[in-house]
Amino acid sequence: MSNSGENQRKVAEFLLRIKAIQLSPDNPFTWASGRKSPIYCDNRRILSHPEIRTFVRQLATDQIEERFGRPEAIAGVATGGIALGALIAQEFGLPFIYVRASAKEHGTGQRIEGDYSGFSSVFVIEDLISTGKSSLSAVDALREAGLEVKGLLAFFTYGFQDAVQRFKDSECQFFTLTDYPTMLEEASQSGYINDAQREDLDSWSSDPVAWSELRDK
């Protein structure tokens, strides 16, 4: 694989091209939290594009092994990290489990799905890091089940500092295949956005709460 910066730009270009990342500063999206946002990210769209799916799968496995060594097993975070995590586990030839957002209300009531009796550590796959809360909830569940979490990979992050701090406080190392600043640079250079929109998108990343409140007025 080529150098890290080039790979980050390539992943960002792919996500923009297939509309896994959509930018609309002039007509913002409304997130589940109720906040207005100029960006919407759905990395599950990667699954519908075989060439891109293959590239990111191979890039992810290469970078995980380079940074952390070969894992014992892969754990996906529901729901976006399940299929993507299973692809990475397949590339490695490793066991795969996944972590539900909450324990199921029937049967055994378990939160972790799969057989994890044959290994003691896992590497976690997440599709997106926003606040980091759902990712770290899954990390906590794995640790409570007696598994060591070696690290976490997400395909994209908004780069919020509170999320970075949460991972630090939880002593969980993570990295991403691309990130918001890289995506923004690619979107600007490729003509997805104009200079005024670029400035607006920079403003959102600096203070997303204030940006949202302005749109609600």
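See the structure shown above.
Residues numbered from 1 in each chain as written. Predicted model: local features only at pLDDT ≥ 70, side-chain atom pairs only at ≥ 80, totals over all residues. Heavy atoms only, no water.

Peer 1: Where do I start with empty space enclosed by the protein in this structure?
Peer 2: Where empty space is left can be seen by rolling a probe of water-molecule size over the atoms. Within this structure, the stated rule accounts for one cavity of 30 Å³ or more. The space that makes up the largest cavity amounts to roughly 30 Å³. Lining of the largest cavity is provided by Trp-31, Arg-35, Lys-36, Ser-37, Trp-204, Pro-208 and Ser-212. Those elements that provide at least two residues to the lining of the largest cavity are strand E3 (36–37) and helix H8 (208–216). The residue inventory of the lining of the largest cavity, partitioned by class, reads three nonpolar, two polar and two charged. (1 Å grid on protein atoms, 1.4 Å probe; cavity = no way out; pocket = protein on both sides within 12 Å on 5 of 7 lines; lining within 4 Å. Points joined across faces, edges and corners; volume = space filled by probe spheres on them. Helix = DSSP H or I, 4+ residues; strand = E, 2+ residues; numbered from the N terminus. Nonpolar A, V, L, I, M, F, W, Y, C, P; charged D, E, K, R; others polar.)

Peer 1: Just to check I follow, could you spell out the sheet that holds strand E8 (residues 121–129) for this structure?
Peer 2: Strand pairing in a sheet relies on backbone hydrogen bonds, with the paired strands running either antiparallel or parallel. Read from one edge to the other, the open sheet built from six strands follows the order E7-E6-E5-E8-E9-E10, with strand pairing classed as mixed. Lying at the two open borders of the sheet, with one neighbouring strand each, are strand E7 (112–113) and strand E10 (174–179). Inspection of the sheet shows E8 paired to strand E9 (residues 148–157) by eight bridges, in the parallel sense. Pairing of Ser-121 across the sheet is with Glu-148, part of E9. Sheet strands in contact with helix H1 (residues 4–17) are E9 and E10, and its direction is about 60° off that of E10. Here helix H2 (residues 50–68) sits on the sheet and contacts E8, E9 and E10; the angle it forms with E10, its principal contact strand, is near 145°. (Pairing = 2+ DSSP bridges. Contact = heavy atoms within 4.5 Å. Axes fitted to C-alpha atoms, helices over the stretch in contact; angles between N-to-C directions.)

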